[in-house]
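Here is how the chains run, residue by residue.
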Amino acid sequence: MGIKFANNASAPLASAISSTSTAVILTAGRGAAFPTFIKEEEQKEDKVMQKYRCEVCNYIYDPALGDPDNGVKPGTPFESLPSGWVCPVCGADKSQFVKEG
């Protein structure tokens, strides 16, 4: 199953349909279209915050939960943690954490 484009004189935009891709159409004037394809997996990855694991004690920092006991609100990505944040279990700093998955 491939991607099909439909162009006609009365519609200045091209459309794309695919079971695995989403098309974003940019126009540069009547009849011109420049599709950019983004894999659905990439879109989902952007929306899902990555978990990180402490290499010292195996604590998992889950951004969905945050670290409320240490003032980190749920929804805070690991990259946005304060520079002084440490593992709530063993006290290791952020440099001791690795991405999960």
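Residues numbered from 1 in each chain as written. Predicted model: local features only at pLDDT ≥ 70, side-chain atom pairs only at ≥ 80, totals over all residues. Heavy atoms only, no water.

### A few points about the overall build of the chain
Working step 1: The helix and strand tally for the chain stands at one helix and seven strands.
Working step 2: When its helices and strands are written in sequence order, the chain yields β-β-β-β-α-β-β-β.
Working step 3: For the chain, the residues scored as buried account for 18% of the 101 residues in total.
Working step 4: Long-range pairs, those at least 24 residues apart, make up 30% of the contacts in the chain with a sequence separation of at least 6.
Working step 5: Carbon together with sulfur atoms contributes 53% to the accessible area of the chain, which is approximately 7,200 Å² in total. (Helix = DSSP H or I, 4+ residues; strand = E, 2+ residues; numbered from the N terminus. Buried < 20%, exposed > 50% of the residue type's maximum accessible area, 1.4 Å probe, protein only. Contact = heavy atoms within 4.5 Å. Areas by Shrake-Rupley, 256 points an atom, 1.4 Å probe, with all protein chains shown as cover.)

### Some words on the sheet that holds strand 7 (residues 97–99)
Working step 1: The strand order across the open sheet formed by three strands is 6-5-7, and the pairing between neighbours is antiparallel. Edge positions in the open sheet fall to strand 6 (60–61) and strand 7, since each of these has one partner strand only.
Working step 2: The sheet contact formed by strand 5 (residues 52–54) and strand 6 spans two bridges and is antiparallel. Across the sheet, arginine 53 pairs through a bridge with isoleucine 60, a residue of strand 6. (Pairing = 2+ DSSP bridges.)

### A closer look at the environment of proline 77
Working step 1: Structurally, proline 77 can be placed in the loop between strand 6 and strand 7.
Working step 2: On the accessibility criterion, proline 77 (27% relative accessible area) is partly exposed.
Working step 3: Not counting chain neighbours up to four residues away, the residues in contact with proline 77 comprise Met49, Tyr61 and Pro63.

### Considerations on the nonpolar core
Working step 1: If you look at the biggest cluster of nonpolar residues, it comprises 11 residues: Tyr52, Cys54, Tyr59, Tyr61, Val72, Phe78, Leu81, Trp85, Cys87, Ala92 and Phe97.
Working step 2: Among all residues touching tyrosine 61, those that are not within four sequence positions of it are Lys51, Tyr52, Gly66, Asp67, Val72, Thr76, Pro77, Phe78, Leu81, Trp85 and Phe97. (Core = buried A, V, L, I, M, F, W, Y, C linked by side-chain atoms within 4.5 Å.)

### A short note on the environment of aspartate 93
Working step 1: Here aspartate 93 is to be found in the loop between strand 6 and strand 7.
Working step 2: Through-space distance from the C-alpha of aspartate 93 to that of valine 56 is 9.9 Å; in sequence the pair is 37 residues apart.
Working step 3: Excluding residues that lie within four positions of it along the chain, aspartate 93 makes contacts with Trp85 and Val86.
Working step 4: Within the structure, aspartate 93 has its side chain in polar contact with the side chain of serine 95 (distance 2.4 Å). (Polar contact = N/O pair within 3.5 Å; in protein donor to acceptor, adjacent residues only side chain to side chain.)

### Some remarks on the side chain of aspartate 67
Working step 1: Mapped onto the fold, aspartate 67 is located in the loop between strand 6 and strand 7.
Working step 2: For the buried aspartate 67, no salt bridge exists, and the shortest N-O distance to an oppositely charged side chain is 12 Å, to lysine 94.
Working step 3: Look past the residues within four positions of aspartate 67 in its chain and what remains in contact with it is Tyr61, Val72, Trp85 and Pro88. (Lys, Arg positive; Asp, Glu negative; His and termini not counted. Salt bridge = Lys/Arg side-chain N within 4 Å of Asp/Glu carboxyl O.)

### Quick word on the packing of aromatic side chains
Working step 1: For the structure shown, the criterion picks out seven aromatic pairs.
Working step 2: On the basis of an interplanar angle of 85 degrees and a centroid distance of 6.3 Å, the ring pair of phenylalanine 78 and tryptophan 85 is categorised as edge-to-face. Each member of the pair phenylalanine 78 and tryptophan 85 is classed as buried.
Working step 3: Ring centres of phenylalanine 78 and phenylalanine 97 lie 5.4 Å apart, and the angle between their planes is 40 degrees; this geometry places the pair in the tilted category. On the criterion of sequence distance, the pair formed by phenylalanine 78 in the loop between strand 6 and strand 7 and phenylalanine 97 in strand 7 is long-range, its members being 19 residues apart.
Working step 4: Linked through ring pairs, Tyr52, Tyr59, Tyr61, Phe78, Trp85 and Phe97 together constitute an aromatic cluster.
Working step 5: The side chain of lysine 94 reaches across the aromatic face of phenylalanine 78, ending 5.5 Å from its centre. (Phe/Tyr/Trp six-rings, centres within 6.5 Å; stacked < 30°, edge-to-face > 60°. Lys NZ or Arg CZ within 6 Å of the ring centre and 35° of its normal.)

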